[in-house]
Amino acid sequence: MRKTFIIARREYLERVRTKSFVVMTLLIPAFMFGITVLPTMMMTRGGGGAKHLVIVASEARTAELIRQQLNQLSQRQGNEPSTAPAMSDRNRPRIGVLTVDVDTNTSEAERAVLTEKVKLKQLDGVIFATQDALAAKKVSFITNDVSSVLTNSEFQRSLNEALHRDLLKSRGMSDQEIDKALEPVSLDPENPAGMGNPEALFFTVFSMVMILYITVLLYGVNVMRAILEEKTSRIMEVMLSTARASEMMAGKILGVAAVGLTQIAIWAAIVLLPSAGMAAGLGVVKGILSVKLLAYFMVFYLLGFALYSTLCAAVGAMVNSEQEAQQLQFVVMLPMIAAVMIMVGVINSPGSPMALWGSLFPLTAPLIMFLRVALQSPPPWQIVLSIALMLVSVYGLVWLCARIYRVGILMYGKKPTLPELMKWIRYA
Amino acid sequence: MYTIELEKVRKNYGEFVAVDDLSFRIAQGSVFGLLGPNGAGKTSTIRMMIGITAPDSGTIKVFGQPFDRKCLEKIGYLPEERGLYKKMKMLDQLIFLGELHGMAAADARQKASEWCQRLEISEKLLSKVEELSKGMQQKIQFIAALLHDPEFIIMDEPFAGLDPVNSDLLKNVLLEMKKKGKTILFSTHRMDQVEKLCDSICLINKGKPVLAGDLKEVKARYGKGNVQIGYDGDGTFLEHNTLVRSFNDYGNYVEVRLAPGADPQQLLRMVAERSRVSRFELMEPSLEEIFIEVVGKTDA
């Protein structure tokens, strides 16, 4: 135990002190921020400037209603923070101050003049809600910002609402009645265990998948390299004259894994905490991310990480160069890809045999069992069995690696064949 | 009291027999030479002594007890395959290896700087290993093997790649260790080194012992049947001569092994007749010659 600790500590300290660790730790969040937050910000803020629109309609009443709805759009953002918006509102773009004029001249000549004005950028857009267009359910919108998809869909929404109101009003309904009739109703699916909204659950599980996948991809290579390092630097003979191969293996895996976890913890602190705080402030996360689920997340994540790291270590023990290791890394990732593929099936029917076996098979268990825990309440014995199987696999793999490693080391230079590998495992 | 005892030790790698019924003992406080050509099984033998591999049959006793991992703390090993963590600072590396040998970190730090002073590399204590020359890296490995003050020191080709000054430095350290009563095992095919340092030897070839015992006694067994001759002129007549059993041209001089019962005086007269003799010396055969002879014989 002491030797394992000494080896793990060396591995950890040597890695954390490198420049590449510091750079990666700071750069990745910056990069993630760059690719996720900035484009969204640009998309939602893009149409933020003041706009001058003209509505062409045969009837002034219709045009006026559309104008009212459009004006509401630009007023919406003023009072937004005070009322918690529905989740679907979060992605709606900000619309700047709109100046909306009404024009009841529906002649072709007027149409040409207005179109020319848009072309010359004297106007930002013209909506032709003429009688014919409304009858055909196809209103043309002349604008230079054809690609402002989000903003334009807001305009479409306003137009529709205005037309609905127009219709209802013509049937003699009062404004209050219309408001009531048009108020949207949300459908909230909930599972019997009361674990809340599947959209958010899916999001949680999916982030687990992504985090596990990315970290194994990032750090699995490191584990392989660490094991390979012993071979290429030829230090293992000194090491083996003081420590057992299994102590060394365990130490190396623990050390490198700890580096990975440190980095992830730092990233989580940088990226997740502020956004989680924001989400919690908006009341979105409440009731979805229970403490229990978070605990399961940690358990299954750590087990999955340990298991895949050990698997990578085994690859490192078998090969003699990084090129070979990289080829084999793909093989290590296969079970995880398989797990992602059966995930969809498991989400649809968490009680299926595939879900059961997927959640017990150690290499897919971290993802599938977590998914099941999140979606339904599997019997406790299954959870315990799944965790136990993963632990046994980690232990067994370390033992196996140590054997392959020790014999592999002593005969480096030669690529092992499968029968040779079996022989190595049996060696005393 | 023996530091290590091998009794009919055998090791196979698949079909290949690396070590075949090898037995020897090393007395405490002595310097022992494990000799043999490349691939003779020297490293395989050492690996079994320190538990990297286990023998297929036979027994190994270390410090009078069957092998136990605990005794690794009293063994210092310099492997032939030199290797250190390249990115690590020298001092950290020594402390790390010291700790693995059961030392406390502070103690290891203290000893490491003492040793570096002794071996004249103190100024490099904080350099990374990859910044050091090969010779310096070798010194660090040497220190790593001795840092925890082991009772039994195993050196696999310790002087390979070192210049004469540094070889001498390490040799003196080892002689000092011997005076302190440590047991030293040399594994090498450099016979001149062994001749200077060892008390007893075991020469192995293809995993089998072919010559073993006290160094003086081994050499005496081969008698004073060697002559070194320095001369000017054509010496080819020596090659095919009834007085000469074997002939070895070293360039500046030749060394011949006399045929059994041959009279060295007769040879001297013969050489003097045909060339100008600058040197004619009767001596024991060198270990190298014995080595070549014995190994050549077993190969034939």
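Along each chain, numbering runs from 1 in the same order as the chain's sequence is written. For naming, the first written chain is A and the first written ligand is 1, with later ones following in the order written. Per-residue local features of the predicted model are confined to residues with pLDDT of at least 70, and side-chain atom pairs are confined, for both listing and counting, to 80 or more; whole-chain, interface and lining totals are unaffected and use all residues.

Attention now goes to the overall build of chain A. The helix and strand inventory of chain A stands at 16 helices and 4 strands. For chain A, the proportion of its 428 residues judged to be buried stands at 33%. Two residues form a contact once the distance between their C-beta atoms, set from the backbone, is within 7 Å. Partitioning the intrachain contacts of chain A with sequence separation of at least 6 by distance along the chain shows that 76% fall at a separation of at least 24. Under the scheme used here, helices are H or I runs from DSSP no shorter than 4 residues and strands are E runs no shorter than 2 residues, and both carry numbers assigned from the N terminus. With C-beta atoms placed from the backbone, a residue is labelled by how many other C-beta atoms lie within 10 Å of its own: buried for 20 or more, exposed for 12 or fewer, partly exposed between the two.

Turning our attention to the overall build of chain B. Within chain B, the regular secondary structure consists of 9 helices and 14 strands. Taken along its principal axes, the extent of the C-alpha atoms in chain B is 70 × 45 × 35 Å. When the 300 residues of chain B are sorted by exposure, 37% land in the buried category. When contacts within chain B are restricted to residue pairs at least 6 apart in sequence, those whose partners lie at least 24 apart make up 68%.

Here the focus is the environment of Ser158 of chain A. Within the element layout of this structure, Ser158 of chain A appears in helix α6 (residues 149-170). Along the backbone, Ser158 of chain A and Pro366 of chain A are 208 residues apart, and their C-alpha atoms lie at a distance of 46 Å.

Residue and element names in this part refer to chain A. Throughout, an axis means a line fitted to C-alpha atoms (over the contacting stretch in the case of helices), and angles, computed between N-to-C directions, take values from 0 to 180 degrees. For the pair helix α13 (residues 353-360) and helix α14 (residues 365-375), the least separation of the axes is 7 Å and the interaxial angle reads 130°. It follows that α13 is oblique to α14 by the angle criterion. Seen from above, α13 lies across α14 with left-handed handedness. Across from Ala355, Gly358, Ser359 and Leu360 in α13, the residues of α14 making contact are Ala365, Ile368, Met369 and Arg372. Lys, Arg, Asp and Glu make up the charged group, whereas Ala, Val, Leu, Ile, Met, Phe, Trp, Tyr, Cys and Pro make up the nonpolar group; the residues left over, Gly among them, are polar. In the contact of α13 with α14, the residues fall into 5 nonpolar, 2 polar and 1 charged. Roughly parallel covers angles under 35 degrees, roughly antiparallel covers those over 145, roughly perpendicular covers 65 to 115, and oblique covers all other angles. By the definition used in this description, the sense in which the near helix is turned from the far one sets the handedness, with an anticlockwise turn below a right angle giving left-handed and a clockwise turn giving right-handed.

Moving on, we come to the confidence of the model for chain A. Residue and element names in this part refer to chain A. Within a predicted model, pLDDT stands for the predictor's per-residue confidence, ranging from 0 to 100. With 79% of its residues at a pLDDT of 70 or more, chain A has an overall mean of 78. Helix α16 (residues 418-426) is the least confidently modelled element of chain A, averaging 65 in pLDDT, while helix α1 (residues 2-16) averages 90, the highest of any element. Below a pLDDT of 50 lies the segment residues 78-88, which in the model reaches 5 contacts outside its immediate sequence neighbourhood of four places, other chains included.

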